[in-house]
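# Breakdown of the fold
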Amino acid sequence: MPSFKRNCFTATRFPRTGLALATALAASVSLTSAHAAGEVEVLHWWTSGGEARAANVLKDLMEAEGYGWQDFAVAGGGGETAMTVLKSRAMSGNPPSAAQIKGPEIQEWGELGLLGELDEVADAEGWDDLLPETVADIMRYDGQYVAVPVNVHRVNWLWANPDVLEQAGVEMPTTLDELFAAGEAIREAGFIPLAHGGQAWQDATVFETVLLATGGTEFFQRALVDLDPEALGSEQMIEALETFKRLRELMDDDMSGRDWNIATSMVINGDAAMQLMGDWAKGEFTAAELTAGEDYLCAAAPGTADAFTFNIDSLAMFRVEGEEHEAQQALARLVLEPTFQEAFNLAKGSIPARPDLDMSEFDACARQSLEDFQRTAEEGGLVPSMAHGMAVRADVQGAIFDVVTNYFNARDMEAEQAAQRMVNAAQAAL
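Residues numbered from 1 in each chain as written. Predicted model: local features only at pLDDT ≥ 70, side-chain atom pairs only at ≥ 80, totals over all residues. Heavy atoms only, no water.

### Let's talk about the packing of helix H13 (residues 235–246) against helix H20 (residues 415–429)
Each pair of packed helices can be summarised by the angle the axes make with each other and by the distance between the axes. With their axes 9 Å apart at the nearest point, H13 and H20 run at an angle of 120° to one another. Judged by the inter-axis angle, H13 sits oblique to H20. Between H13 and H20 lies a crossing of right-handed hand. Contact with H13, carried on its side by Met237, Ile238, Leu241 and Glu242, involves Ala415, Glu416, Ala418, Ala419 and Met422 of H20 and no other residues of that element. (Axes fitted to C-alpha atoms, helices over the stretch in contact; angles between N-to-C directions. Helix = DSSP H or I, 4+ residues; strand = E, 2+ residues; numbered from the N terminus. Parallel < 35°, antiparallel > 145°, perpendicular 65-115°, else oblique. Left-handed = near helix turned anticlockwise from the far one by under 90°. Contact = heavy atoms within 4.5 Å.)

This is how it looks when you write it as structure tokens:
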């Protein structure tokens, strides 16, 4: 299979600011001083190439200020394994200083009384003025900040290898009909049309994107956020499920259990033409030293140009004391400072949580993402991702995952049956 242009690997395109500065500062700090002012233990699942590189930015900045960093990375792109480990640690009275927790789960941990307050840092740094209200609301429990946002991801993206599209004689699809038509031509040209990993959270990511394309943002809100039984069992839901299952025709037979970043590498290497995945996939393109708009293409997932499915990574802070508390407060402060926000999001593929930063170092995909985030927030096209823990509780999400992935992989389950199971799952969870 053809690969991307050879000359795209000749120069590193990682930003000259941010990471380089953090690394230089960290290098000047001795091991003795690194632990002088306390240490934080940070649980996260940023373990792929681009993600790990992004997480190291924060580690470097903490060590540059004299704090220790104990990395607690738990592999698993959707975070399910990490949450299992966190619950075990927290319930045994030994939580980490901070953990990657998102959406409604922040409220659940707050209700347990295990999260520490960040209002002192938030007031000193002016978080209320820095953060969009949509983002700030998610970071608060009972009116007080308990978490700090790392970024804003857009989930409804389509990524493509332009060389493969050209060889197949197709353009970047903008509708689902165009996607299926392009897929046929790509298959005939000898390529896999759509790279995918057969894991429940990846199945759910593709499903919610199809539902958004077929039903629109209002229906998405009713079905996957409000869990309206009428919407979950409707003809619109059945249509979305049927279209979702048709996408199997565009995928390869070896997708079962494949990690998302391996699917991304299939696009990078020219084995596959496209991938439906959030913009963390761009971190893999960046790590491979590829240029947006030249070596790879990005566009809103077909049929979703007027919507923005968001996923916000955040670090929630657990109740700790003494020097660990001091280090934890410094961690929260550093997360929202420009150096980290720029360097992390350039590496991760996402956009900064604070929209006031200079975006000149960011590529065309990121600039488009920020523009679309602001536009859809004003026009009503901004919706939280169910597949990535932003819309419903973890138990409800798990029930929907089971229905979606079982339907996607079962030969004998009809869309009507899957829709009814979704109604039943939501009602049982509620």
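Moving on from the model shown.
### A look at the state of the cysteines
When the sulfur atoms of two cysteines share a covalent bond, that bond is a disulfide. One pass over the full model with this rule turns up one disulfide. Two residues share a disulfide in this structure: Cys298 and Cys365, whose sulfurs sit 2.0 Å from each other. With the S-S dihedral at roughly -105°, the linkage between Cys298 and Cys365 falls on the left-handed side. Here Cys298 is found in strand E11 (residues 297–300), whereas its partner Cys365 is found in helix H18 (residues 364–379), with 67 residues between them in sequence. According to the relative accessible area criterion, Cys298 is partly exposed, its value standing at 24%. (Disulfide = S-S within 2.5 Å. Buried < 20%, exposed > 50% of the residue type's maximum accessible area, 1.4 Å probe, protein only.)

### A word on unusual backbone geometry
Even without being glycine, Asp142 reaches a positive phi, approximately 55°. The phi torsion at Glu289 lies on the positive side, around 60°, for a residue other than glycine.

### Details of the confidence of the model for the protein chain
Mean pLDDT over the protein chain stands at 89; residues scoring 70 or higher make up 91%. Below a pLDDT of 50 lies the segment residues 1–36, which in the model reaches 71 contacts outside its immediate sequence neighbourhood of four places, other chains included. (pLDDT = per-residue confidence, 0-100.)

### Brief notes about the sheet that holds strand E12 (residues 308–311)
Spatially, three strands are ordered E7-E12-E14 in an open sheet, and the strand pairing comes out mixed. This sheet does not close on itself; its edge strands, each paired only once, are strand E7 (153–154) and strand E14 (382–384). Examined bridge by bridge, E12 and E14 share three bridges and lie parallel to one another. Considered in E14, the bridge of Phe310 is made with Pro384. Against the sheet, helix H11 (residues 200–225) contacts E12 and E14, and its axis sits at roughly 75° relative to E14. (Pairing = 2+ DSSP bridges.)

### Things to note about the pattern of salt bridges
Under the counting rule described, the total for this entry stands at 18 salt bridges. Between Arg375 and Glu379 there is a salt bridge whose closest N-O contact spans 3.5 Å. One end of the pair, Arg375, and the other, Glu379, are both in helix H18, four residues apart, so they sit about a helical turn from each other. (Salt bridge = Lys/Arg side-chain N within 4 Å of Asp/Glu carboxyl O.)

### Focus on the layout of surface pockets
Of the volumes computed, that of the largest pocket is approximately 320 Å³. Looking at the largest pocket, it is lined by 18 residues, and the ones nearest its centre are Glu80, Met83, Glu105, Ala394 and Gln397. Broken down by class, the residue content of the lining of the largest pocket amounts to seven nonpolar, seven polar and four charged. (1 Å grid on protein atoms, 1.4 Å probe; cavity = no way out; pocket = protein on both sides within 12 Å on 5 of 7 lines; lining within 4 Å. Points joined across faces, edges and corners; volume = space filled by probe spheres on them. Nonpolar A, V, L, I, M, F, W, Y, C, P; charged D, E, K, R; others polar.)

### Side note on the nonpolar core
In summary, soluble globular proteins display a tendency toward joint burial of nonpolar side chains. Of all hydrophobic cores here, the largest spans 85 residues; its most connected members are Ile186, Phe207, Met237, Leu241, Leu247 and Met274. Considering every element that reaches this core, the biggest residue donor is H11, with 12 residues. The contact partners of Phe207, leaving out residues within four places of it in the chain, are Leu224, Met237, Leu241, Phe244, Val404 and Met422. One finds Leu86, Trp109, Val150 and Ala332 within the second-largest nonpolar core, a separate group that totals 69 residues. (Core = buried A, V, L, I, M, F, W, Y, C linked by side-chain atoms within 4.5 Å.)

### Notes on a negative patch on the surface
A contiguous patch of negative charge on the surface is contributed by Glu235, Glu239, Glu242, Asp412, Glu414 and Glu416. If one sorts the elements of the negative patch by residue count, H13 sits on top with three residues. Looking at the element boundaries, Glu414 is found in the loop between helix H19 (394–409) and H20. Residue Glu414 is classed as exposed on the basis of its relative accessible area, which comes to 51%. (Patch = residues over 30% accessible without salt bridge, like charges linked within 9 Å, V, L, I, M, F, W, Y side chains within 5 Å. Areas by Shrake-Rupley, 256 points an atom, 1.4 Å probe, with all protein chains shown as cover. Lys, Arg positive; Asp, Glu negative; His and termini not counted. Charge placed at Lys NZ, Arg CZ, Asp CG, Glu CD.)

### Remarks on helix H16 (residues 322–336)
For H16, which comprises 15 residues, the first-to-last C-alpha distance of 23 Å matches the rise-based estimate of 21 Å (1.5 Å per residue) to within 8%. For H16, the full list of buried residues reads Ala327, Gln328, Gln329, Ala330, Leu331, Ala332, Leu334, Val335 and Leu336. (Expected span 1.5 Å × (residues − 1).)

### Focus: the sheet that holds strand E10 (residues 272–276)
Strand pairs in the sheet, formed through backbone hydrogen bonds, run parallel or antiparallel to each other. Taken in spatial order, the four strands line up as E9-E10-E8-E11 in an open sheet, and their pairing is mixed. Bordering the open sheet on either side are strand E9 (192–195) and E11, each of which pairs with just one other strand. Pairs of neighbouring strands in the sheet enclose a mean axial angle of 20°, with direction left out of account. Strand direction decides the pairing type here: strand E8 (residues 157–160) and E11, joined by four bridges, are antiparallel. Residue pairing for E11: Leu158 is matched across the bridge by Ala299. Across the sheet, helix H14 (residues 260–268) touches E8, E9 and E10, and the angle it forms with E10 is around 140°.

### Some words on the environment of Ala73
Its place among the elements puts Ala73 in strand E2 (residues 68–73). For Ala73 and Val40, which are 33 residues apart along the polypeptide, the C-alpha to C-alpha distance reads 13 Å. Beyond its immediate sequence surroundings of up to four residues, Ala73 is in contact with His44 and Thr47.

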